[in-house]
Amino acid sequence: MKNSNKQITRGFKTAVLTLLIVLSSAFTTISAQSDPVRLGFIPLTDCSPIVMAKELGLFKKYGVEVIVTKESSWANVRDKILTGELDGAHCLYSMPFSVYTGVGGKAGSEMKIAMMLNVNGQAITLSNDFCGKVGFKQMNKVTPVVAAKLKAEKEVTFAMTFPGGTHDLWLRNWMSIAGLNQKSVKIITIPPPQMVANMKVGNMDGYCVGEPWGGVAVKQGIGFTQVASQDIWKDHPEKALVVNKDFSAKRKADLVKVMKAVMEACIWLDNPSNRKKAAAIIGRAPYVNAPADVIEARLMGDYNLGCNQGTQVYSKDYMLFHKGGMVNYPRKSYAIWAMAQYVRFGYLKEAPNYAAIADKLILQDLYEEVAKSMKVKVPNDDMKPFSLTMDKTVFDPSNPEAYLKVVKR
């Protein structure tokens, strides 16, 4: 009888313990699902998909609570995504590869790309010291002018926003196309919203950053647009929705809702009639904190170049956010291209495992699932050879080594 009672007691305790574990697990799951999603952004025009998804009520429409926060620098965004302080962010598309390979962070650290946010819309801005000496897209005049300045002042400084980030890659490709020896100049890292102020006080001679900071330099009369990024590479990949590894795995349902809201915002932004409204909203202090007229003009492809160069109008290759689904698809070929640039420009001494890293960090299957559910076309051009607009060297993502043997350094 005593043994029987002991067995009953033991069985009861086991059942209670099991129930507590199940309830605890259920509570944790419910708690995680009810936690708001925290998304960061940097004050740039191309944060628009995340900001407008919030402002238009699209996150709410898809049943997810999102808190949107303005961040101070790309390094800050990186750190917060890795620690989980942010679930995701508007981010340089190449940042996850820069961080994982050790160029822009601790090697092996994983940040996941859920979808792309935009193409085009960045620029190389030069200080007024170069005004009248090198004009818009006059690539053959860049090196002689820089050489003359180096002779007179001993140092020429250019700024980008994050090592291995897109602005770094456009700057270095611009230098290569112009025939400028990158070792002859100083390259520094400055957060996007601080570019104009730093040029104003003479901390750099030129910079590469996203809009509106190229347009703001022109408006303030401290610099001019020498080339837009879409001139270097039409429809180049730019920003992405990058997310925390655990968030993508444990809160997939919430991530899908976020992606749907952002996708709808991208579609809305590609309607030209909506861009004036978008410019007015993202120009506000909590977001980009820049003149709405400058944001709107460059969003519409109307570039006042500065330095008495007149206006350049981009009709099909200004900043785009959707383009029938062509923009938002996260291509592995572009990841491989970015990592090949790290080898090309000396960031990496040895080639990384290109394909494996792209597979690990890009949530391509999840994107395709979301796109199909929204009847958005999924492109079929990934992993096909391509070339830039100004640099015609063909890049075959299945053979980066062949490209690296012939491309200018």
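Residues numbered from 1 in each chain as written. Predicted model: local features only at pLDDT ≥ 70, side-chain atom pairs only at ≥ 80, totals over all residues. Heavy atoms only, no water.

### Focus on the sheet that holds strand 9 (residues 223-228)
Point 1. Taking strand neighbours across the sheet as the criterion, the five strands line up as 7-6-8-5-9 in an open arrangement whose pairing is mixed. Each end of this open sheet is capped by a strand with a single partner; those strands are strand 7 (186-189) and strand 9. On average, each strand axis in the sheet is inclined to that of its neighbour by 25 degrees, with strand direction left out of account.
Point 2. Relative to strand 7, strand 6 (residues 157-160) runs parallel, the two sharing four bridges. When the sheet's bridge partners are listed, Thr 157 is paired in strand 7 with Lys 186. (Pairing = 2+ DSSP bridges. Helix = DSSP H or I, 4+ residues; strand = E, 2+ residues; numbered from the N terminus. Axes fitted to C-alpha atoms, helices over the stretch in contact; angles between N-to-C directions.)

### Overview of the packing of aromatic side chains
The geometry of an aromatic ring pair is captured by the separation of the ring centres together with the interplanar angle, meaning the angle of the planes.
Point 1. Inspection of the entire model under this criterion finds 13 aromatic pairs.
Point 2. Taking the centre distance of 6.2 Å and the plane angle of 85 degrees together, the rings of Tyr 342 and Tyr 347 count as edge-to-face.
Point 3. Over the ring of Phe 130 we find Lys 149; its NZ or CZ atom is 5.9 Å from the centre of that ring. (Phe/Tyr/Trp six-rings, centres within 6.5 Å; stacked < 30°, edge-to-face > 60°. Lys NZ or Arg CZ within 6 Å of the ring centre and 35° of its normal.)

### Quick look at the domain arrangement of the protein chain
Point 1. According to the domain assignment, the protein chain contains domain 1 (37-119 + 235-290 + 321-406) and domain 2 (122-232).
Point 2. Using C-alpha coordinates to define each centre, domain 1 is positioned 24 Å away from domain 2.
Point 3. In this assembly, 37 residues from domain 1 lie in contact with 33 residues from domain 2.
Point 4. Contact between domain 1 and domain 2 buries roughly 2,500 Å² in total, counting both sides, with carbon and sulfur atoms accounting for 66%.
Point 5. The interface formed by domain 1 and domain 2 holds zero salt bridges in total.
Point 6. At the junction of domain 1 and domain 2, the tally comes to 18 residue pairs in polar contact (both at pLDDT 80 or more). (Domains from an automatic or database assignment. Contact = heavy atoms within 4.5 Å. Buried area = accessible area lost by both parts, 1.4 Å probe. Salt bridge = Lys/Arg side-chain N within 4 Å of Asp/Glu carboxyl O. Polar contact = N/O pair within 3.5 Å; in protein donor to acceptor, adjacent residues only side chain to side chain.)

### Description of unusual backbone geometry
Point 1. The omega torsion of the bond from Glu 211 to Pro 212 falls at 15 degrees, within 30 degrees of zero and hence cis.
Point 2. Mapping Pro 212 onto the fold places it in the loop between strand 8 (206-210) and helix 9 (213-219).
Point 3. For Lys 323, which is not glycine, the phi dihedral falls at a positive 50 degrees.
Point 4. Considering the arrangement of structural elements, one finds Lys 323 in the loop between strand 12 (311-313) and helix 15 (332-344).
Point 5. On the basis of relative accessible area, Lys 323 is assigned to the partly exposed category, the value being 39%.
Point 6. The phi torsion at Met 383 lies on the positive side, around 70 degrees, for a residue other than glycine.
Point 7. One can find Met 383 in the loop between helix 17 (364-373) and helix 18 (400-406). (Buried < 20%, exposed > 50% of the residue type's maximum accessible area, 1.4 Å probe, protein only.)

### Focus on the sheet that holds strand 4 (residues 111-116)
Point 1. Pairing in this open sheet of five strands is mixed, and the strands run 2-1-3-10-4 from one edge to the other. Each edge of the open sheet carries a strand with a single partner, namely strand 2 (66-70) and strand 4. Averaged over all pairs of adjacent strands, the angle between strand axes in this sheet comes to 30 degrees, irrespective of strand direction.
Point 2. As paired elements, strand 1 (residues 37-41) and strand 2 share five bridges and run parallel to each other. By the bridge assignment, Phe 41 is partnered in strand 2 with Lys 70.

### A few points about the side chain of Ser 176
Point 1. Secondary-structure assignment places Ser 176 in helix 7 (residues 166-178).
Point 2. Residues in contact with Ser 176, not counting those within four places in the same chain, are Gln 182, Arg 344, Lys 408 and Arg 409.

### With respect to the pairing of strand 3 (residues 88-92)
Point 1. Counted residue by residue, strand 3 has five buried out of five residues, so it is predominantly covered.
Point 2. By the bridge criterion, two bridges tie strand 1 to strand 3 in an arrangement that is parallel. Of the residues in strand 3, the one forming a bridge with Gly 40 is Ala 89.

### Focus on the state of the cysteines
Point 1. Scanning the model with the defined rule gives one disulfide in all.
Point 2. Covalently, Cys 131 is tied to Cys 307 through a disulfide, its sulfur atoms 1.9 Å apart. Taking the torsion about the sulfur-sulfur bond, which here is approximately 100 degrees, the covalent link between Cys 131 and Cys 307 counts as right-handed. Residue Cys 131 is located in the loop between strand 5 (122-127) and helix 6 (142-153), and its partner Cys 307 is located in the loop between strand 11 (302-304) and strand 12; the two are separated by 176 residues in the primary sequence.
Point 3. Here Cys 208 stays free of any disulfide, with the sulfur of Cys 91 as its closest cysteine sulfur at 16 Å.
Point 4. Here Cys 208 falls in the buried class, since its relative accessible area comes to 1%.
Point 5. Left unpaired, Cys 266 is separated from the closest cysteine sulfur, that of Cys 47, by 12 Å. (Disulfide = S-S within 2.5 Å.)

### Comments concerning the confidence of the model for the protein chain
Point 1. Per-chain confidence: the protein chain averages 94 in pLDDT, with 92% of residues scoring 70 or above.
Point 2. Across residues 19-32, where pLDDT falls below 50, the model places two contacts with residues more than four positions away in sequence or in other chains. (pLDDT = per-residue confidence, 0-100.)

### Examining the pattern of salt bridges
Point 1. Enumeration according to the criterion identifies 25 salt bridges in this entry.
Point 2. Linking Lys 245 and Glu 110 is a salt bridge whose minimum nitrogen-to-oxygen distance equals 3.6 Å. Placement of Lys 245 in helix 11 (residues 245-250) and of Glu 110 in the loop between helix 5 (95-100) and strand 4 is noted, with a sequence separation of 135 residues between them.
Point 3. Shared partners join several salt bridges into a network, and the residues in it are Glu 110, Lys 112, Lys 245 and Lys 360.

### Regarding helix 13 (residues 275-282)
Point 1. Among the residues of helix 13, those classed as buried are Arg 275, Ala 278, Ala 279, Ile 281 and Ile 282. For helix 13, the angular spread of buried residues about the axis comes to 165 degrees, placing them on one side.
Point 2. At its buried positions, helix 13 is contacted by helix 2 (48-55), helix 12 (252-269) and helix 14 (292-299). (Arc of directions from axis to C-beta.)

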